[in-house]
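# Summary of structural features
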Amino acid sequence: MKTKYFEYIAVYLSVFLVCIFIGAIARFVLLEMGADAYTAGIFFWISTGFGILTFAILSLFLNDLTERLLNRFLKAKKNESAESRIPNEDLEKIEEERQDVLIKPELLENKNLARDIEQIREERQNAVKNQKQARIDAAIRYAQQEFALYASDDDLKQLSKNLIIYAEDINFEKIKPVKVKDLSNLDLYHFGWNIWNCFKVSRQDRAAQFLKLTFADALKDVEVKSIKTHLKDDEQKGLIKIIEDFTDL
């Protein structure tokens, strides 16, 4: 703070001395031209005052502009000096990083878009999976209700496992036979059609084969082709009837 104060004193003192010098020159010139001492003295103070006033005006209006120009000039010099000390490889690296910063918002937007698409796909897959599982659960409940009086507990559990194999389109080698009583072939046909209509994971040939393997004892004398052709016979006859959608039950 003191250093800057003394700088101001030096600047203004120098200006004052220069103005006095200019005024002295003006006084000397007037005396040489034959003017009297009084008139020369007046011009001396006028010249000195005019010089001080001119400096004050210039300082008031040009000081801020001068500082800005000097600061910009010094900053440009500083940047140029700093860049001159950076190797060319580093300068290229810095330029690449700048380009990365400019591109980053677009990359970020693309990543967000890809993430949104993946999330939508995952949600859709989960919805389909949940819907399929809901139908499997409904089919198992339906089968247990229909066969509760005609099969043992173990056979009901095996029937549920067989239904899962059919719904998931798994190889039928894992299907095990289920024994039932007091049910006709027509009842089994109707049950098979209802299950096929619920999932529709294959043609009716597969549904007929599912019946043949599941109720192997009851349908031992019936061919798969014959089972397929009679799946929907006499829809409202028998203990198990044709139901368009048992998931609503």
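Let me sum up the structure you'll find in this document. (Residues numbered from 1 in each chain as written. Predicted model: local features only at pLDDT ≥ 70, side-chain atom pairs only at ≥ 80, totals over all residues. Heavy atoms only, no water.)

## Examining the overall build of the chain
Each helix and strand in the chain was counted, giving seven helices and zero strands. Across the chain, helices and strands are ordered from the amino to the carboxyl terminus as α-α-α-α-α-α-α. Counting every position in the chain, which comprises 249 residues, the buried fraction comes to 24%. (Helix = DSSP H or I, 4+ residues; strand = E, 2+ residues; numbered from the N terminus. Buried < 20%, exposed > 50% of the residue type's maximum accessible area, 1.4 Å probe, protein only.)

## Remarks on the environment of serine 202
You can see serine 202 is positioned in the loop between helix 5 (185–199) and helix 6 (204–214). Through-space distance from the C-alpha of serine 202 to that of alanine 167 is 9.4 Å; in sequence the pair is 35 residues apart. Non-local contacts of serine 202, meaning those with residues more than four positions away in its chain, are made with Tyr166, Trp196 and Ala207. (Contact = heavy atoms within 4.5 Å.)

## A closer look at the packing of helix 4 (residues 153–167) against helix 6
The geometry of helix 4 relative to helix 6 is characterised by a closest axis approach of 11 Å and an angle of 155 degrees between their N-to-C directions. If you check the angle between helix 4 and helix 6, you find them roughly antiparallel. Crossing angle aside, the handedness with which helix 4 passes helix 6 is right-handed. On the side of helix 4, the interface is formed by Leu159, Asn162, Leu163, Ile165 and Tyr166, while helix 6 contributes Arg206, Ala207, Phe210 and Thr214. Looking at the contact of helix 4 with helix 6 residue by residue, the class counts come to six nonpolar, two polar and one charged. (Axes fitted to C-alpha atoms, helices over the stretch in contact; angles between N-to-C directions. Parallel < 35°, antiparallel > 145°, perpendicular 65-115°, else oblique. Left-handed = near helix turned anticlockwise from the far one by under 90°. Nonpolar A, V, L, I, M, F, W, Y, C, P; charged D, E, K, R; others polar.)

## Focus on helix 4
With 15 residues, helix 4 should reach 21 Å at 1.5 Å per residue; the first-to-last C-alpha distance of 21 Å fits that figure. Buried residues of helix 4: Asp155, Leu156, Gln158, Leu159, Ser160, Asn162, Leu163, Ile165, Tyr166 and Ala167, and no others. At the exit of helix 4 stands aspartate 169, carrying a positive phi of roughly 60 degrees. (Expected span 1.5 Å × (residues − 1).)

So yeah, pure geometry; function would need other evidence.
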